[in-house]
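# Examination of the molecular architecture
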Amino acid sequence: MSLAQRLRRTLLPTYQAHARRLHDLRYLFIELTRDCNLECRHCGSDCTREAGGPSLAPGDALRVLREIRERYDPRTITVALSGGEPLCYPELFSLGRAITDLEFPWGMVTNGYGWTPTKVLQARAAGMQSISVSLDGLEAEHDWLRGRTGSFRRAVDAISMLLRDPSRQAMDVVTCVHPRNLPVLEKLQGLLRALGVRDWRLFTISPIGRAARDPELLLDPPQFRELLATIERLRDRDGIHVNFSESGYLGPRYECRVRDTAYFCRAGITVAGIMANGDILACPNIDRSLRQGNIAVDSFVETWETRYQPFRERSWMRTGDCVSCGEWSHCQGNSLHLWDPEARRTRLCHYRAYGLLEQG
């Protein structure tokens, strides 16, 4: 670790404490619907291709955004529309246009299956500024994970269409790494480079949702360390920017090598979520028991200002191995979506479970 990296590591807890005190809202996830056109093995929301799940009324979403706009500068808060699959939400682009008119930058997270040239034009007219498209391996690996034959080809076509759109401002491809696609990541990078993708984020699948019942999806310790070594190698190549997500804290050895910035779970600090049933959360992936209210009866702004303290002061998460861990000041109990409220501990400590402690 270089001197500059050591200095950043020393100052990081101070910076994070300052961010917690300020808690400036910068990113708002809105889960529009639980409906989906795929049936992914790893889905954290347990969505299916059967329609009829909860969906958020456009008027309710806009009411919350108008309330936020009265208190904060909307131009500094990105709205990320998610699901399910946002394209399964009939009012998607009319809602997007209304969000643009309220001066919020907005984007979406999509599996890529439902995109057509017409929808690209609709997204442009609605003012969409950013998009993340999932591509989880080459054809065999992607279709296996996504549960629908042809989903790989549809996702690749969507990436190609969106890259050609001259109005596109920001786009990345995200990949959930599992044992089947780990060996093809280098080939996948070649495909993305050929398509013209400039930004690529890699995730690991967490033991939540359906993945908690499917051990085939989870990397073992040697595979996880192989992934980190692969990311280090891929980041050294020109043509595409590769970044590891904030799936969990990795310790000093890897934090400086696989990410642009050090790990920091911002759920409830700069990130909030509104779910399809109106629940107010810190991010869309955390346990629903951690909800802080519901927009049907609660003010979002008041909730953000007065009820989010458990996400900003996380000493209550210091249980089990965390009590004696020397990395607590940097980790703070690992990512909030991994917290198990019943067991009162994290479901996964990357630093210990994957043998990174010995490599610190």
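Anything mentioned here points back to the structure above.
What counts and what doesn't
- Residues numbered from 1 in each chain as written.
- Predicted model: local features only at pLDDT ≥ 70, side-chain atom pairs only at ≥ 80, totals over all residues.
- Heavy atoms only, no water.
- Axes fitted to C-alpha atoms, helices over the stretch in contact; angles between N-to-C directions.
- Helix = DSSP H or I, 4+ residues; strand = E, 2+ residues; numbered from the N terminus.
- Parallel < 35°, antiparallel > 145°, perpendicular 65-115°, else oblique.
- Contact = heavy atoms within 4.5 Å.
- Nonpolar A, V, L, I, M, F, W, Y, C, P; charged D, E, K, R; others polar.
- Salt bridge = Lys/Arg side-chain N within 4 Å of Asp/Glu carboxyl O.
- Buried < 20%, exposed > 50% of the residue type's maximum accessible area, 1.4 Å probe, protein only.
- Phe/Tyr/Trp six-rings, centres within 6.5 Å; stacked < 30°, edge-to-face > 60°.
- Lys NZ or Arg CZ within 6 Å of the ring centre and 35° of its normal.

Let us look at the packing of helix 5 (residues 139–146) against helix 6 (residues 151–164). It is the contact of helix 5 with helix 6, at a shortest axis distance of 8 Å, that shows an interaxial angle of 105°. Compared by their axis directions, helix 5 and helix 6 come out roughly perpendicular. Where helix 5 abuts helix 6, its residues Glu 139, His 142, Asp 143 and Arg 146 lie against Ser 151, Phe 152 and Ala 155. In the contact of helix 5 with helix 6, the residues fall into two nonpolar, two polar and three charged.

Turning next to the pattern of salt bridges. One pass over the full model with this rule turns up 23 salt bridges. In this structure, Arg 9 engages Glu 327 in a salt bridge whose closest nitrogen and oxygen atoms are separated by 2.8 Å. Placement of the pair is Arg 9 in helix 1 (residues 3–22) and Glu 327 in the loop between helix 11 (309–312) and helix 12 (328–331), with a sequence separation of 318 residues. Taking the relative accessible area as the measure of exposure, Arg 9 reaches 22% and is therefore partly exposed. Here Glu 232 makes a salt bridge to Arg 257, at a shortest N to O gap of 3.6 Å.

Under the definition given, this model contains ten aromatic pairs. Note on Tyr 27 and Phe 29: the rings are 5.1 Å apart at their centroids and 65° apart in plane angle, and the pair reads as edge-to-face. Relative to Tyr 308, the ring of Trp 304 has its centre 4.9 Å away and its plane inclined at 55°; by these criteria the two rings are tilted. The side chain of Arg 154 reaches across the aromatic face of Tyr 113, ending 4.1 Å from its centre. Sitting over the face of the ring of Trp 304, Arg 312 holds its NZ or CZ atom 4.5 Å from the ring centroid.

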